[in-house]
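Here is how the chains run, residue by residue.
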Amino acid sequence: MSILVLADHDQGKLSPATQRVLGAVATLGDAADVLVAGENIGVVAEAAAKLPGVQKVSVADNAAYASQSAEALAGLLSGLVDGYEYIVASAGAVGRDVMPRLAAKLDVMPVTDVIAIHGADRFDRPVYAGNAIETVVNTQAKKLLTIRASAFAPIKGDGQAPIEPVSLADIKSVVEFIAELRTENDTPDLGTAQIVVGGGQSFASAENFKMVEKLAAVLGAAVGATRAAVDAGYAPNDWQVGQTGKIIAPDLYIAIGISGALQHLAGIQGAKKIIAINLDPEAPLVKLADLALIGDLFEVVPALTAALEQRLKA
Ligand SMILES: Cc1cc2nc3c(=O)[nH]c(=O)nc-3n(C[C@H](O)[C@H](O)[C@H](O)COP(=O)(O)OP(=O)(O)OC[C@H]3O[C@@H](n4cnc5c(N)ncnc54)[C@H](O)[C@@H]3O)c2cc1C
């Protein structure tokens, strides 16, 4: 079984999602080759080479891959897939974009958003906004998978794989990268954080939403938001949790002023414990939570933040 994993990286750092993808494919038996594509990505390649379960790291270092465009990466991958049975990426922004394009080029069916691997050709994936789990049997010679990283434990340990450059002849790019707009913040990565504090539109303003950020900072948590909060401009787009946002699987999710619409629940099914803070005891998220605090967030959140701050300082 030969496996090629497309590495996820951002701003010169290998993303923890890659470690989880390697954790997922480890169940297939063989060590994987990892492709690191981008510009000036030597450090990323070295980090990938140190992971266990990696046989070889191939590096495609070129300006054409700097923006991680699906067009460029799918073109690159299609030239490298000979001899591989599995081509795997995380179901993050890049993998989600690249894999369908690569699948079309190779004329195979991709299996997206895999949350469990049962042997060589059976994969579970959520459907109907996570309300049902479908088991897909894929017997194609080439299996293209995107992995929901939060569903798998990261591979642990040390490795020392060789790093080899990929020969990059004939790079043709049909897209031009113009600019990237980034929200700068130093909160932990939402997709892999152990604690997430999420807020809804009930905060009523971006200023009030800072309460969520303050509580998260005290707990060393990532900040999440509902789509309603994002649409209202209280939180940036990349904080959205849910069906059309990020999928999270923290040990603890604190959901404040969030009703628990199906589309939000689709993003938090992997959360191990949920605490809901809400005025409404009948809210779906209150019913689903392990612990619910019925009260006004404008009183509860500042009090909770101050109490935790004191306790964590002591
Ligand atoms: C195609 C599609 C995709 C979608 N994708 C997503 C997605 O990815 N993520 C997502 O989150 N949503 C998504 N939505 C939107 C989703 O349906 C809901 O509209 C949204 O999740 C509701 O957000 P909310 O909980 O902030 O607001 P509301 O549903 O308005 O809930 C507010 C909650 O706050 C409580 N509350 C109000 N005031 C206070 C107070 N002072 N103190 C304490 N509690 C208070 C209320 O009791 C209520 O439970 C999607 C919708 C569609 C149609």
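Refer to the structure presented above.
First, a word on what this report is: a plain description of the structure on this page. The residue numbering used here restarts from 1 in each chain and proceeds along that chain's sequence as written. The predicted origin of the model limits local features to residues at a pLDDT of at least 70 and limits the giving and counting of side-chain atom pairs to 80 or more, whereas totals for whole chains, interfaces and linings rest on all residues. In computing side-chain values, all of the structure's heavy atoms are included and hydrogens and water are not.

1. Some details on the site of the ligand
So, step 1. In these notes, residues near a molecule or strand are those with any non-hydrogen atom within 4 Å of it. Lining the immediate surroundings of the ligand are 26 residues, of which Gln 201, Thr 226, Thr 244, Ser 259 and Asn 278 lie closest.
So, step 2. At 2.9 Å from an oxygen atom of the ligand is found a side-chain nitrogen or oxygen belonging to His 264.
So, step 3. Here a polar contact means two N or O atoms within 3.5 Å. Within protein one must be a hydrogen donor candidate and the other an acceptor candidate, and residues neighboring in sequence count only if both atoms are side-chain atoms. Between the ligand and Leu 297, the relevant distance is 2.9 Å, taken from a nitrogen atom to a main-chain nitrogen or oxygen of the residue.
So, step 4. Here the Shrake-Rupley method, with its probe set to 1.4 Å, supplies the accessible areas, and only the displayed protein chains count as covering residues. Protein contact buries 73% of the 1,000 Å² of open area that the ligand shows by itself.

2. Things to note about the environment of Ser 167
So, step 1. A run of DSSP states H or I qualifies as a helix once it reaches four residues; a run of E qualifies as a strand once it reaches two. Both are numbered from the N-terminal end. With respect to the secondary-structure elements, Ser 167 resides in the loop between strand 12 (163–165) and strand 13 (195–199).
So, step 2. Throughout this description, buried means an accessible area under 20% of the type-specific maximum (1.4 Å probe, protein chains only), exposed means over 50%, and partly exposed covers the range between. On the basis of relative accessibility, which here comes to 67%, the residue Ser 167 falls in the exposed class.
So, step 3. With 106 residues separating them along the chain, Ser 167 and Asp 61 place their C-alpha atoms 9.6 Å apart.

3. Regarding the pattern of salt bridges
Between side chains of opposite charge, a pair can form when the charged atoms approach closely.
So, step 1. We define a salt bridge as a contact between a side-chain nitrogen of Lys or Arg and a carboxyl oxygen of Asp or Glu at a distance within 4 Å. A complete count under the given rule lists nine salt bridges for this structure.
So, step 2. For Arg 101, the salt bridge goes to Glu 71, with nearest N and O atoms at 3.5 Å. Taken together, the residues Arg 101 in helix 4 (residues 93–106) and Glu 71 in helix 3 (residues 70–78) connect sequence positions 30 residues apart.
So, step 3. Overall, Glu 71 belongs to the partly exposed group, its relative accessible area being 25%.
So, step 4. Among the ionic pairs, Lys 143 bridges to Glu 85, the shortest N-O distance being 3.1 Å. Of this pair, Lys 143 sits in strand 11 (residues 143–147) while Glu 85 sits in the loop between helix 3 and strand 6 (86–90), placing them 58 residues apart in sequence.
So, step 5. With relative accessibility at 5%, the residue Lys 143 sits in the buried group.
So, step 6. The class of Glu 85 is partly exposed, set by a relative accessible area of 24%.

4. Description of the nonpolar core
So, step 1. Nonpolar core, defined: a set of buried Ala, Val, Leu, Ile, Met, Phe, Trp, Tyr and Cys residues in which side-chain atoms within 4.5 Å join the residues together. In this structure, Val 5, Leu 22, Val 34, Val 57, Val 88 and Ile 147 are the most contacted members of the largest nonpolar core, which totals 33 residues.
So, step 2. Among the secondary structure elements, those contributing two or more residues to this core are strand 1 (3–6), helix 1 (16–25), strand 4 (32–38), helix 2 (42–49), strand 5 (54–61), strand 6, strand 7 (110–114) and strand 11.
So, step 3. Excluding its chain neighbours within four sequence positions, the residues that come into contact with Val 34 are Leu 4, Val 5, Ala 7, Leu 22, Ala 48, Val 54, Lys 56, Val 57 and Ser 58.
So, step 4. Counting 24 residues, the second-largest nonpolar core is a separate cluster that includes Ala 37, Tyr 65, Leu 73 and Val 108. Should any heavy atoms of two residues lie within 4.5 Å, those residues are considered in contact.

5. So, the sheet that holds strand 12
So, step 1. At least two DSSP bridges between two strands are needed for those strands to be called paired. Read across the sheet, seven strands follow the order 7-11-6-1-4-5-12 without closing on themselves; strand pairing throughout is parallel. Lying at the two open borders of the sheet, with one neighbouring strand each, are strand 7 and strand 12. Within the sheet, the average angular offset between the axes of one strand and its neighbour, ignoring direction, is 25°.
So, step 2. Pairing analysis gives five bridges linking strand 6 to strand 11, with the strands arranged parallel. Across the sheet, residue Ala 89 finds its bridge partner in strand 11, namely Thr 146. Structural elements are reduced to axes, namely lines fitted to C-alpha atoms, with helices fitted over the stretch in contact, and the angle between N-to-C directions of any two is expressed from 0 to 180 degrees.

6. Some words on the environment of Thr 187
So, step 1. Inspection of the secondary structure assignment puts Thr 187 in the loop between strand 12 and strand 13.
So, step 2. Between the alpha carbons of Thr 187 and Val 223 there is a distance of 7.2 Å; along the sequence they are 36 residues apart.
So, step 3. When neighbours within four sequence positions are excluded, Thr 187 is seen to be in contact with Ala 221 and Val 223.

7. Some details on helix 3
So, step 1. When we look at burial in helix 3, the residues that qualify are Ala 70, Ala 72, Leu 73, Ala 74, Leu 76 and Leu 77.
So, step 2. Residues of helix 3 that are buried in the fold lie against strand 1, strand 4, strand 5, strand 6 and helix 4.

8. Considering the pairing of strand 9 (residues 122–127)
So, step 1. Burial runs high along strand 9: five of the six residues are buried.
So, step 2. Bridging between strand 8 (residues 116–117) and strand 9 involves two bridges; their strand directions are antiparallel. Bridge pairing in strand 9 places Ala 116 opposite Asp 124.
So, step 3. Taking the residues that link successive antiparallel strands as the turn, the strand 8-strand 9 hairpin has four residues, and the phi of Gly 119 there is positive, at about 80°.
So, step 4. In this structure, strand 9 lies alongside strand 10 (residues 132–137), joined through six bridges in antiparallel fashion. Residue pairing in the sheet places Asp 124 in a bridge with Thr 135 of strand 10.
So, step 5. If you look at the hairpin formed by strand 9 and strand 10, you'll find four residues sitting between the two strands, and Tyr 128 has a positive phi there, around 50°.

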